[in-house]
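The residues making up each chain are set out below.
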Amino acid sequence: MHRHSLFLSYILLSTLTVGLAVDHAGDKNQNQNPFTPKAFVIRYWDRVIKNNLPKPSFILSKASPLSAADASAFAKHAAANTLSTKLPEFCSAAHLLCFPEVNPSLTKHTQDGEFSVYNDAQNFTNYGTERPGGIDSFKNYSNGFDSNPVNEFRQYSRSSAGHNDSFTNYAIETNVADQKFNTYGSGAAGGSGEFKEYAENTNVPNLRFTTYSVSTAGREQSFNSYSENGNAGDQSFGNYGKDSAGAQNRFTEYGTNSNVASSGFSSYADKGTGDEDTFVNYGVNMNNPTENFKNYARGSLGGTQVDFDNYGKSFNEGTDTFKGYAKGADADHKVTFTGYGVNNTFKDYDKKGISFAKYTNASSSSTNSVSDSGSSLVKKWVQPGKFFREKMLKQGVVMPMPDIKDKLPQRAFLPRTILTKLPFASSKLKQVFKVSDNSSMDKMIVESLSECERAPSMGETKRCVGSLEDMIDFATSVLGHNVTVRSTESVNGSGKNVMVGQVRGINGGKVTESVSCHQSLFPYLLYYCHSVPKVRVYEADLLDPASKVKINHGVAICHLDTTAWSPSHGAFMALGSGPGRIEVCHWIFENDMTWTTVD
């Protein structure tokens, strides 16, 4: 198992696409046309794979849905480097993940705005600008799998007086949310901005606050239940509360239970006067968070107070960096840290007016270990049943089944005729898909490409494939041409107890080699495939424990050599022991797959 596959198994949400899935009638018509990409893949399969086994429907469903005419036309655009001029049509027809362009708007909005159940891409410009009183509220906004959470707020509540902004149930359970707040609340007097249940349960959120509440007087900012239970997100606050007087900023239940999230605070509350910042339950129970405070409260005056309570008490320690913190502040400032986590760096920090209580530094990180955190936190980050021992694969055994549902956006492979004409480098690929710098899509592409370009581990053979033809080529290059591919039949039983029914070991249950393929988050369907030596692969009927009725047919892989695994691997957190001391088994999740030689 590798870091990439573990990262994918944490991902929480589904489905954002610009294109629509091909309907059954259209798919049937395409199968009748021998020149479609899907028809070509079927012929390629028959030519390369030397057996007459049925082709699994779960993998053929991922073939490109493009018609023969569209495939030819888009291939010509790709060759001429003009595919970006046809991007909306290409994304829709090829069933890809693309973000729409948010066009600029200079329209002024002089009335209160109330947005409820709103899912379109929007550029909110000049909302609340120079408004006396009033409120703009966003409720049930951009929520759900099918929403398009790409929005930009520019010159919002600027120079207003007593104007309130409320974001409630905003971007909940979305995928790759990209929200930008620029020149938000600047120069405002009084009023408040409230973020409540914002970006909860969101996958790869990218939330940016630039020039936020600069030069305000008595304005209150409240972040409550913000980015909770998120996955691999990034929040950045630049010039937040700078040059403000009497500002109140509250971060409550911020980033709690999030996975691999980061927050950056730069030039935060600089030269403030009488400001009050409160961080409560900030970054609690997170997995490997990164918090960066730079030039925080620099040169503040008039009794500025900052309270950090229950900050950074992470399940899996992360990194917090404080640089240039409260430097140049007057003698009346006060900063308190209560219940503060591990692995934190304070550099160039004002030593006066600072109070630490229950602070755990990097050298005493054992206080934040798994054993001290308790089994509940292990269950939070390692689902029950996600990893198990080989002895559990016995008929009659009742065991928990983890949530094996695919949480990534639905996409299709590209035909090889198009894929070979596209660059596989982030800078050039961003031009094709019109990706903005530092956007969610930008980070998504860079992360996936870096994993693809990573040097293989010892004994590993790896390749990223963006076409079904390439996956077939890789699998057969490792295992030979008499191969087949398997995945768990459905998601039935996910998150519940299941009973193991009849079990069959592939290749007689002998030690074998497989090729496992895991999805990456990318505009088109991209799989990270790698050889997995010294494994045993099993198929098992899964039954309802009460009725004994078959509800699923699972595929499990048991890794017999875990010597090279990290001691902090989730498998050892869940099962105990350590690298090389036990075998580790897991189910093949929905839309992941494993290739083996035929029995």
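The notes below deal with the structure included here. (Residues numbered from 1 in each chain as written. Predicted model: local features only at pLDDT ≥ 70, side-chain atom pairs only at ≥ 80, totals over all residues. Heavy atoms only, no water.)

1. Digging into the pattern of salt bridges
Working step 1: Scanning the entire structure with this criterion turns up 14 salt bridges.
Working step 2: Among the ionic pairs, Glu390 bridges to Arg536, the shortest N-O distance being 2.7 Å. Note that Glu390 is positioned in the loop between helix H8 (375–381) and strand S20 (398–400) and Arg536 in strand S25 (residues 526–543), a separation of 146 residues in sequence.
Working step 3: We note a salt bridge from Arg486 to Glu539, for which the minimum N-O separation is 3.1 Å. Here Glu539 lies in strand S25 and Arg486 lies in strand S22 (residues 483–486), a separation of 53 residues in the sequence.
Working step 4: Taking relative accessible area as the criterion, Glu539 reaches 15% and is therefore assigned buried.
Working step 5: Three or more residues joined by partner-sharing salt bridges are found here, namely Arg416, Arg463, Asp470 and Asp473. (Salt bridge = Lys/Arg side-chain N within 4 Å of Asp/Glu carboxyl O. Helix = DSSP H or I, 4+ residues; strand = E, 2+ residues; numbered from the N terminus. Buried < 20%, exposed > 50% of the residue type's maximum accessible area, 1.4 Å probe, protein only.)

2. Concerning helix H11 (residues 440–453)
Working step 1: In a regular helix each residue adds 1.5 Å, so 14 residues correspond to 20 Å; H11 covers 20 Å between its end C-alpha atoms and thus fits that length.
Working step 2: Within H11, the full set of buried residues consists of Ser440, Met441, Asp442, Met444, Ile445, Ser448, Leu449, Glu451 and Cys452. (Expected span 1.5 Å × (residues − 1).)

3. Describing the packing of helix H3 (residues 37–48) against helix H12 (residues 468–479)
Working step 1: Here H3 crosses H12 at 10°, and the two axes come no closer than 10 Å. In terms of axis orientation, H3 runs roughly parallel to H12. Classified by chirality, the crossing of H12 by H3 is right-handed. On H12, the residues touching Phe40, Val41, Tyr44, Trp45 and Val48 of H3 are Leu468, Glu469, Ile472, Asp473 and Thr476.
Working step 2: Considering only residue class, the contact of H3 with H12 consists of 7 nonpolar, 1 polar and 2 charged. (Axes fitted to C-alpha atoms, helices over the stretch in contact; angles between N-to-C directions. Parallel < 35°, antiparallel > 145°, perpendicular 65-115°, else oblique. Left-handed = near helix turned anticlockwise from the far one by under 90°. Contact = heavy atoms within 4.5 Å. Nonpolar A, V, L, I, M, F, W, Y, C, P; charged D, E, K, R; others polar.)

4. Quick look at the state of the cysteines
Working step 1: Scanning the entire structure with this criterion turns up 4 disulfides.
Working step 2: At a sulfur-sulfur separation of 1.9 Å, the disulfide partner of Cys91 is Cys98. Taking the torsion about the sulfur-sulfur bond, which here is approximately -75°, the covalent link between Cys91 and Cys98 counts as left-handed. For the pair formed by Cys91 and Cys98, the shared burial category is buried. (Disulfide = S-S within 2.5 Å.)

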